[in-house]
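# Results of the structural survey
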Amino acid sequence: MVEIFIIPLVTAFLLAIFIRNKKVVWPLFLISNLYILLKLWTLFGKWEIEKTIYTNYELFGAKLSFTLSNNPLGWYFAFFSAVITLVISVFSLGFNQKTKENVAPIWMLIIFSNLGIFFAADWITFFMMWELMGWTSFFAITNGRDKALNEAKYYLVLSLLGASSMLIGIILLGALTGSFEIFASAYGLVQVFYSEKALSIAAIMLLLFAFFIKSAIFPFYMWPSKVYAVGPEDYITFMSSVMIKYGIYPIAMFIVPVVGSLDLSKILNTANWIQYFVGYLGAISAVLGTILAIFQTDMKKLFAYSSVANMGYILLGFASMNIVGFEGALFHAVNHMVLKAAIFLTLAAVIFRTGESEMHKLGGLVYRMPITFLTFLLGIIAAAGIPPLNGFGSKWMIIQALMSQKMIIFAIAMIFASTGAFMYLFRALASIFLGQLPDRFKDIKEVPLTMLIPMIIMMIGMLLIGVVPGVVMKPLTTALKAVGYNVNIASWTSLEGALKNSTIDLTVVFLIFLGGFVISAIMYILGNKSETVPQEDNYTGGEYPEEWGVNADRFNYSYSFYQPFKEMFEPLLEKISIDGFFASIGRNFEYMSATVQGLFRRGEGAVLLFSIGVLLLILGGWIL
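In this report, the structure presented in the accompanying data block is examined. (Residues numbered from 1 in each chain as written. Predicted model: local features only at pLDDT ≥ 70, side-chain atom pairs only at ≥ 80, totals over all residues. Heavy atoms only, no water.)

## What about the packing of aromatic side chains?
Let me state the cut-off plainly: A pair of Phe, Tyr and Trp rings is counted when the ring centres sit within 6.5 Å of each other, with Trp represented by its six-membered ring. The angle between the planes then sorts it: under 30 degrees is stacked, over 60 is edge-to-face, the rest tilted. Numbering of helices and strands runs from the N terminus, with a helix taken as a DSSP run of H or I at least four residues long and a strand as a DSSP run of E at least two residues long. Relative accessibility thresholds used throughout: buried, under 20% of the residue-type maximum; exposed, over 50%; partly exposed, between the two (1.4 Å probe, protein chains only). Any Lys NZ or Arg CZ that is within 6 Å of a ring centre and within 35 degrees of that ring's normal is treated as a charge sitting over the ring.
Under the counting rule described, the total for this entry stands at 43 aromatic pairs. An angle of 65 degrees between the planes, with centres 5.8 Å apart, marks the rings of Phe-118 and Tyr-246 as edge-to-face. Within this pair, whereas Phe-118 is found in helix 4 (residues 104–119), its partner Tyr-246 is found in the loop between helix 10 (233–241) and helix 11 (248–261), the two being separated by 128 residues in sequence. The buried category is assigned to Phe-118, whose relative accessible area is 0%. The class of Tyr-246 is buried, set by a relative accessible area of 0%. Through a chain of ring-to-ring contacts, the aromatic side chains of Trp-41, Phe-44, Trp-47, Trp-75, Tyr-76, Phe-77, Phe-79, Phe-80, Phe-118, Tyr-246 and Tyr-249 assemble into a single cluster. A cation over a ring is seen here: Lys-226 above Tyr-154, with NZ or CZ 4.9 Å from the ring centre.

## A few points about the pairing of strand 1 (residues 50–59)
Defined as follows: At least two DSSP bridges between two strands are needed for those strands to be called paired.
A small share of strand 1 lies buried, amounting to 1 of its 10 residues. With 7 bridges joining them, strand 1 and strand 2 (residues 62–69) adopt antiparallel strand pairing. Looking across to strand 2, one finds that Glu-50 is bridged to Ser-69. Hairpin geometry of strand 1 and strand 2 is characterised by an intervening segment of 2 residues between the two adjacent antiparallel strands and by a positive phi of about 55 degrees at Phe-60.

## Considering the nonpolar core
Note the threshold: In plain words, nonpolar cores are sets of buried Ala, Val, Leu, Ile, Met, Phe, Trp, Tyr and Cys residues tied together by side-chain atoms within 4.5 Å. Note on contacts: a residue pair qualifies if any of its non-hydrogen atoms lie within 4.5 Å across the two residues.
Ranked by internal contacts, the top residues of the largest apolar core, which has 193 residues, are Leu-40, Tyr-235, Phe-318 and Ile-432. Here the element with the most residues in this core is helix 14 (residues 323–354); it accounts for 21 residues. The contacts of Ile-432, once residues within four sequence positions are left out, are Met-299, Leu-347, Val-350, Met-359, Leu-362, Gly-363, Gly-364, Leu-365 and Phe-376. With 15 residues, the next largest nonpolar core counts Tyr-276, Tyr-313, Leu-316 and Ile-398 among its residues.

## Section: the side chain of Lys-395
Inclusion rule: Charge counting follows a simple rule: Lys and Arg are positive, Asp and Glu are negative, and His as well as the terminal groups are ignored. Every case where a carboxyl oxygen of Asp or Glu lies within 4 Å of a side-chain nitrogen of Lys or Arg is listed as a salt bridge. Each polar contact in these results corresponds to two N or O atoms within 3.5 Å; when the atoms are within protein, one needs to be able to donate a hydrogen and the other to accept it, and residues that are neighboring in sequence are counted only if both atoms are side-chain atoms.
Summarising the element assignment, Lys-395 is placed in helix 16 (residues 391–404). Although Lys-395 lies buried, it forms no salt bridge, and the closest oppositely charged side chain, Glu-327, sits 18 Å away as judged by the N-O distance. In terms of polar contacts, Lys-395 uses its side chain to reach the side chain of Ser-418, at 3.0 Å. The contacts of Lys-395, once residues within four sequence positions are left out, are Tyr-313, His-332, Ala-383, Ala-384, Gly-385, Met-414 and Ser-418.

## Here we look at the pattern of salt bridges
The full count for this structure, using the stated rule, is 4 salt bridges. When the shortest N-O distance is used, the salt bridge between Glu-3 and Lys-39 registers 2.6 Å. Of the two residues, Glu-3 is situated in helix 1 (residues 3–17) and Lys-39 in helix 2 (residues 22–43); the sequence distance between them amounts to 36 residues. A relative accessible area of 29% places Glu-3 in the partly exposed class. We note a salt bridge from Glu-356 to Arg-440, for which the minimum N-O separation is 3.8 Å.

## Remarks on the packing of helix 13 (residues 299–319) against helix 17 (residues 408–432)
The condition is simple: Axis angles are defined between N-to-C directions and span 0 to 180 degrees, where every axis is a line fitted to C-alpha atoms and, for a helix, only to the segment in contact. Note on angle classes: values under 35 degrees are labelled roughly parallel, values over 145 roughly antiparallel, values of 65 to 115 roughly perpendicular, and the remainder oblique. Note: crossing handedness is left-handed where the near helix turns anticlockwise from the far helix by less than a right angle, and right-handed where it turns clockwise. Charged means Asp, Glu, Lys or Arg here, nonpolar means Ala, Val, Leu, Ile, Met, Phe, Trp, Tyr, Cys or Pro, and polar covers whatever is left, Gly included.
Contact geometry of helix 13 with helix 17 gives a least axis separation of 11 Å together with a crossing angle of 160 degrees. With respect to helix 17, the element helix 13 is oriented roughly antiparallel. In the packing of helix 13 onto helix 17, the handedness of the crossing is left-handed. Between helix 13, through Met-299, Leu-302, Phe-303, Ser-306, Tyr-313 and Leu-316, and helix 17, the contact on the second element is made entirely by Phe-410, Met-414, Ala-417, Ser-418, Tyr-424, Leu-425, Ala-428 and Ile-432. Of the residues assigned to the contact of helix 13 with helix 17, the class counts are 12 nonpolar, 2 polar and no charged.

## Looking at the environment of Pro-469
Counting through the fold element by element, Pro-469 comes out in the loop between helix 18 (449–467) and helix 19 (470–483). The class for Pro-469 is buried, based on a relative accessible area of 0%. In this structure the C-alpha to C-alpha distance between Pro-469 and Ala-490, which are 21 residues apart in sequence, comes to 8.7 Å. Aside from chain neighbours lying at most four places away, what touches Pro-469 is Phe-331, Leu-464, Trp-492, Thr-493, Ser-494, Leu-495 and Leu-506.

## Regarding helix 2
Note the cut-off: A helix is expected to span 1.5 Å multiplied by its residue count minus one.
Its 22 residues give helix 2 an end-to-end C-alpha distance of 32 Å, which sits within 8% of 32 Å, the value for a rise of 1.5 Å per residue. Of the residues making up helix 2, those classed as buried are Lys-22, Val-25, Trp-26, Phe-29, Leu-30, Ser-32, Asn-33, Ile-36, Leu-37, Lys-39, Leu-40 and Leu-43. Looking at the packing, one finds that the buried side of helix 2 touches helix 1, helix 3 (72–95), helix 4 and helix 10. Just downstream of helix 2 lies Gly-45, where phi reads positive at about 85 degrees.

## Things to note about the side chain of Thr-346
Within the secondary structure, Thr-346 is located in helix 14. Within the structure, the side chain of Thr-346 is placed 2.4 Å from the backbone oxygen of Ile-343, a separation counted as a polar contact. Residues contacting Thr-346, with those up to four places away along its chain left out, are Thr-372, Thr-375, Phe-376 and Met-455.

## Notes on helix 1
Put simply, the test is: Summarising the geometry, the arc corresponds to the directions from the helix axis toward the C-beta atoms.
Spanning 15 residues, helix 1 covers 21 Å between terminal C-alpha atoms, matching the ideal 21 Å at 1.5 Å per step. Here helix 1 has its buried residues at Ile-4, Phe-5, Pro-8, Thr-11, Ala-12 and Leu-15. Down the axis, helix 1 shows its buried residues gathered within 130 degrees of arc, on one side only. Packed against the buried residues of helix 1 are helix 2, strand 2 and helix 4.

## With respect to the packing of helix 12 (residues 273–294) against helix 17
At a closest axis distance of 8 Å, the pairing of helix 12 and helix 17 adopts a crossing angle of 20 degrees. By the angle class used here, helix 12 and helix 17 are roughly parallel. Of the two elements, helix 12 crosses helix 17, and the hand of that crossing is left-handed. Along its contact with helix 12, which presents Gln-275, Tyr-276, Gly-279, Tyr-280, Ala-283, Ala-286, Val-287, Thr-290, Ala-293 and Ile-294, the element helix 17 presents Ile-409, Phe-410, Ala-413, Phe-416, Ala-417, Gly-420, Ala-421, Met-423, Tyr-424 and Arg-427. Per-class residue counts for the contact of helix 12 with helix 17 are 15 nonpolar, 4 polar and 1 charged.

## Section: unusual backbone geometry
Backbone torsion omega between Phe-218 and Pro-219 reads 10 degrees, so that peptide bond is classified as cis. By the element assignment, Pro-219 lies in the loop between helix 8 (197–214) and helix 9 (223–228). Put simply, Pro-387 and Pro-388 share a cis peptide bond, and its omega is 15 degrees. With respect to the helices, strands and loops of the structure, Pro-388 is situated in the loop between helix 15 (370–383) and helix 16. If you check the backbone angles, Met-321 has positive phi at about 50 degrees while not being a glycine. Position of Met-321 among the secondary structure elements: in the loop between helix 13 and helix 14. Residue class for Met-321 comes out partly exposed when judged on its relative accessible area of 29%. Phi angles above zero are rare outside glycine, and Asn-501 is one such case at about 55 degrees. Structurally, Asn-501 can be placed in the loop between strand 3 (494–495) and strand 4 (504–505).

Take a look at the structure:
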């Protein structure tokens, strides 16, 4: 198992040496990711594999050690992350031939930390890998570009805030349970919860705070829209599909088992207050992410908010504390990896050919980039949760679980958000690929084969998982059973709901949709032929295109696509905006740092530092 960590480190070193030679860098990056995937394949079922480095040190009575373990749930996340990473690696071969920057060495370090997060068996190792991931992400986002610096700083500050919260939570957890091993501390926390209730709740909340930041859960929903808009497109595909799950994994591994084992009083005979706390944040994330996505003009920002909404769906599955909801949440984590990678690959392809991410400046690319269009079309159908693609099954399971637990408000919120997704998904489709092709894009061609192959693979993946969910559900239920959950190993084609007699066979659903498609195709072929009309038959609805940054001779516009809805929701969005709150904190820190810097320049800083040091020594001696 150790070699799976050595390979990415050695590869990162070699990539740094050959960083200027892209013909060496990206094939080497691809080969390394292929090795990682194959190695993970061989580790399935070998849950006893473990590697520990012991130390003689203790902290609050808890021994410090560093352990990597092939735990089943970690393998599930690591394996499907590796599948998506490999597909993106193939795409990067063609995508990075024109770019001046080279994110590959840093990216490989992130893949190393990715494996460490999923296979860490103790909180110390987990935290170290988490911190490595945060710092390296900063450099990957900037990738040597000044325009991305502010957004990368924003992400880094939030990461440091989350890491600080996590560290305090880990120390508190060790002090309460006498162990830094993840599963042992989970069991220990359940045992001491009622005798140390306030500290136990504090530990849970501190950890949740860090996990929510990384997965962009409300109120930390802003960073994806900032970061995705400026980062390298192929790396952002990885970030939006894989990295945003880093906060989801520890919630599934630690928080859900702990809360599920506690005998807390229920509110309205439905769920305890922690479930409602997590559920409301998930519901707000789902609804707010959907509304904000509807009003975006930049396609990367639009799908950044879409990711926020999907993280909300997963959190709602966890909040149900129902085994079907739990399975549905973990199933959706992988489904989102697949469909979001597919969508962001198409966005990267469009930017690769046009250099444009503002949707209202695009249009008509369907005939110039047909494979990209088809991938995007299937991706947004999957994102909308429409069968027979993969987004449907997991959403169905989560809604079933919420209904069975009588958490009707959360079910309504998820249905609203999932239905509202049609609005922003259609906007993206109409703006980018339909309508009038701008004159400057008349000679646009489809992307190279190395970029097309990954998109074709993602199309196959979305359809395969949608029709044969056992591709994901069998490894998932096997992993859950190995951990100790009372689950049945999933079938290849059917999903079990939480309500009575609610099993669904997705192969039958696929055949029904296929039949409808065939009938529609026959009607289209036998029906009246379409008639081409001149662009002058369209109109601008009284708007002034010059104000949107486009030429006045265009007859297809999508800038103010949902203006009436924007006017309806804008007052609400202004009231709940968190950006102003964080901006004020940033200004206060700038003021404090300038003050401290001024003290040191005048020589007063040394006296201040000495005084603080003496005070800390006195307090430390008193505590000890």
